[in-house]
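# Per-entry structural report
Letter by letter, the chains look like this.
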Amino acid sequence: MRDFGYTLETAMADVVDNSVTARATRIEILAETTTDEPWVAIIDDGCGMTELELIEAMRPGSRNPLHEREGHDLGRFGLGLKSASFSQCRQLTVISRKAGATCAATWDLDKVAQTNDWRVDLEDDLSGFPAAERLPEHGTIVLWRKLDRLSTNFRHDTSKRSAEINKAISGAERHLRLCFHRYMEGTRPSLRILLNERKLSPIDPFATDHLATQVDPEEYLPLVNGQVVTQCFTTPHHKKMSKSAWEELGGPEGHLRSQGFYIYRERRLIIAGSWLGLARQTELTKLARVRVDIPNTMDSDWKIDVRKASAQMPPVVRERLRKIVERLQGTSKRTYQRRGRKLVSDENLPLWNRIQKDGGIVYRPNAEHPSITGFAQALPEEFRHGFQACINLMGTGLPIAALHADMLGGAEGVTSDEAEFSDLSEAAETAIRALLATSMTGNDVVRTLCSTEPFIHHKNSIRQLVEDIEQGESS
């Protein structure tokens, strides 16, 4: 039971599931890490339990997974409270209050090992239990002590052990904000979660409140054991979001790993970001996300595990979602390529040409760009060949491997080197004179030259320079 594969974040989420099932509206997570005996408490204001209900809840495998559950019930096997807790601690105490009566029970794995007797201890005196005074009029406290799995490296160094536990708890924070975001959203959320008295804000992986998010209608797939509801989202381009909002949306692994399916069981997230074998995670599709809602009546169909952290898609759902993925990926690619389309248009003058060659893509400097041709023509004849060789060398020396690594690490962080117009004015003047010599109008020169980098950000300066050159030539 200690080795089902829980992490701290999935263990905490499993305990929070019980609070949600108990219709809690407020869940508080407290951690005392600086003492010789650190502890973690998860406190809710749910319906609470009587002593008989508590004893049953402490029983491993207290629920048959085949029994029908209510729609808001996030439980599965009746193992979550015990297996999640034991994955992090060796001593579990549950204190609960219902209808004015308080009860408490403890599992101590050291005592079980010593006595070889799997008996739960009922507690009469709660005065020595951490956080017991925080128990509301109705609700439950799940108390973890003997945190052997949370403090494995510095058991005899209090300060380092505290830092280790606090780091783990901070890492679990994002998971809770994401996992229960649909309960925490809105002006009147049904659930508030606090961590050491600090209210957590939800993380919406679809950025539904952003005006640039593209939202498709919901689609319904009725099956024997329930209805699967899907909805597709294309999140905004990173240039339409603040840096902090973009980074929070992508999470620690970035947007490349965050694309794909978000599968919810009764509005509780169980899989966050994966195409589940239906597609590859690529840079051009990283804005694509699909919300999939399933009821708890389909647990066996989806093979939901004890941790509620993995699932397998039924074949009939897989075929439906395959078509959705193909359509959605096209939308994401269009959104992400919108800025790049002009670069390959014959009507524009890119500094780099994008060429399809032998099934791949090659980038070469555009030797026909007026800045390059104009400068070459101004050179003495004996220097022109060397200048062209330098331009070709730049193309063949493009650091493809480094670009791949940087793009995979976060394409939004790879940008061109910005320059002041004073640094570009000489090249701009050369290009303008070359274009005017082809009988282009001044407006056409501005439109053509400012359609691509690096002049796209200096349209007003380019227009003024064109006017000055035209006036100089006319005078």
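Structure's up top.
Overview of the structure. Since the structure is predicted, the reported quantities are computational estimates derived from the model, not experimental observations.

Our focus in this paragraph is the pattern of salt bridges. Counted by the stated rule, this structure contains 22 salt bridges. Here Glu218 and Arg291 are joined by a salt bridge, their closest N and O atoms 3.2 Å apart. Taken together, the residues Glu218 in the loop between β9 (214-215) and β10 (219-223) and Arg291 in strand β14 (residues 288-294) connect sequence positions 73 residues apart. Among the charged side chains, a network of salt bridges with common partners joins Arg26, Glu28, Arg134 and Glu197.

Turning to the sheet that holds strand β1 (residues 26-32), a few remarks are in order. Overall, mixed pairing links the eight strands, which are arranged β5-β4-β3-β6-β2-β1-β7-β8 in an open sheet. The two strands at the open ends of the sheet, each matched to only one other strand, are β5 (121-122) and β8 (198-199). Note: strand β4 (residues 101-108) against β5, two bridges, orientation antiparallel. From the neighbouring strand, Ala105 faces β5, where its bridge partner is Leu122. Running at roughly 155° to strand β6 (residues 139-145), helix α1 (residues 8-21) makes contact with β1, β2 (39-44) and β6 of the sheet.

Attention now moves to the side chain of His369. Here His369 lies in the loop between β16 (360-365) and α11 (370-378). Using a relative accessible area of 1% as the deciding quantity, one classes His369 as buried. The residues contacting His369, other than those within four sequence positions of it, are Leu349, Pro350, Leu351, Leu449 and Phe455.

A word on helix α12 (residues 381-396). Relative to the 22 Å expected for 16 residues at 1.5 Å per residue, α12 spans 24 Å between its end C-alpha atoms, a close match to the ideal helical length. The set of residues buried in α12 consists of Phe387, Ile391 and Gly395. Taken down its axis, α12 places every buried residue within 85° of arc, on the same side. Counted as exposed and oriented over 90 degrees from the buried face of α12: Glu382, His385, Leu393 and Thr396. Buried residues belonging to α12 abut β15 (352-357), β16 and α11.

This part is about the packing of aromatic side chains. Across all of its chains, the model carries eight aromatic pairs by this definition. Ring centres of Phe206 and Tyr262 lie 5.4 Å apart, and the angle between their planes is 70°; on these two criteria the pair is classed as edge-to-face. Of this pair, Phe206 sits in the loop between β8 and β9 while Tyr262 sits in strand β12 (residues 260-265), and the two are 56 residues apart along the sequence. Judged by its relative accessible area of 1%, Phe206 falls in the buried class. For Tyr262, a relative accessible area of 3% corresponds to the buried category. Feature note: the residues Phe206, Phe233, Tyr262 and Tyr264 constitute an aromatic cluster, connected by ring pairs. Positioned above the aromatic ring of Tyr264 is the side chain of Arg182, whose terminal nitrogen or guanidinium carbon lies 4.6 Å from the ring centre. The side chain of Arg267 reaches across the aromatic face of Tyr183, ending 4.2 Å from its centre.

The next thing to look at is the packing of α11 against helix α14 (residues 421-436). Contact geometry of α11 with α14 gives a least axis separation of 8 Å together with a crossing angle of 90°. Between α11 and α14, the angle falls in the class roughly perpendicular. Mapping the contact onto sequence places Pro370, Ser371, Gly374 and Phe375 in α11 and Ala427, Thr430, Ala431, Ala434 and Leu435 in α14.

Moving on to the pairing of β10. Pairing analysis gives five bridges linking β10 to strand β11 (residues 226-234), with the strands arranged antiparallel. Opposite Tyr220, over in β11, you have Val229 as the bridge partner. In sequence, β10 turns back onto β11 through a hairpin of two residues.

Our next topic: the environment of Leu54. Secondary-structure assignment places Leu54 in helix α2 (residues 51-57). In this structure the C-alpha to C-alpha distance between Leu54 and Thr140, which are 86 residues apart in sequence, comes to 9.9 Å. Not counting residues within four places of it along the chain, the set of residues in contact with Leu54 comprises Met49, Val94, Cys103, Ala104 and Ala105.

The subject of this paragraph is unusual backbone geometry. With a phi close to 70°, Glu197 is a non-glycine residue in the positive phi region. For Glu197, the location among the structural elements is in the loop between β7 (192-195) and β8. Residues other than glycine seldom take positive phi values, yet Lys303 does so here, at roughly 55°. Position of Lys303 relative to the elements: it lies in the loop between α9 (299-302) and α10 (315-337).

Turning to the pairing of β4, a few remarks are in order. Of all eight residues in β4, six are buried; the element is thus mostly enclosed. Examined bridge by bridge, strand β3 (residues 91-98) and β4 share eight bridges and lie antiparallel to one another. Across the sheet, residue Ser96 finds its bridge partner in β4, namely Cys103. In sequence, β3 turns back onto β4 through a hairpin of two residues, with Ala99 there showing a positive phi of about 55°.

On to the nonpolar core, then. Within the largest apolar cluster, 45 residues are counted, with the highest numbers of intra-cluster contacts made by Met12, Val40, Trp144 and Phe180. Ranked by residues supplied to this core, first place goes to α1 with seven residues. Counting residues in hydrophobic clusters, the runner-up holds 23 residues, among them Cys232, Phe261, Val290 and Leu321.

About the cut-offs
- Residues numbered from 1 in each chain as written.
- Predicted model: local features only at pLDDT ≥ 70, side-chain atom pairs only at ≥ 80, totals over all residues.
- Heavy atoms only, no water.
- Salt bridge = Lys/Arg side-chain N within 4 Å of Asp/Glu carboxyl O.
- Helix = DSSP H or I, 4+ residues; strand = E, 2+ residues; numbered from the N terminus.
- Pairing = 2+ DSSP bridges.
- Contact = heavy atoms within 4.5 Å.
- Axes fitted to C-alpha atoms, helices over the stretch in contact; angles between N-to-C directions.
- Buried < 20%, exposed > 50% of the residue type's maximum accessible area, 1.4 Å probe, protein only.
- Expected span 1.5 Å × (residues − 1).
- Arc of directions from axis to C-beta.
- Phe/Tyr/Trp six-rings, centres within 6.5 Å; stacked < 30°, edge-to-face > 60°.
- Lys NZ or Arg CZ within 6 Å of the ring centre and 35° of its normal.
- Parallel < 35°, antiparallel > 145°, perpendicular 65-115°, else oblique.
- Core = buried A, V, L, I, M, F, W, Y, C linked by side-chain atoms within 4.5 Å.

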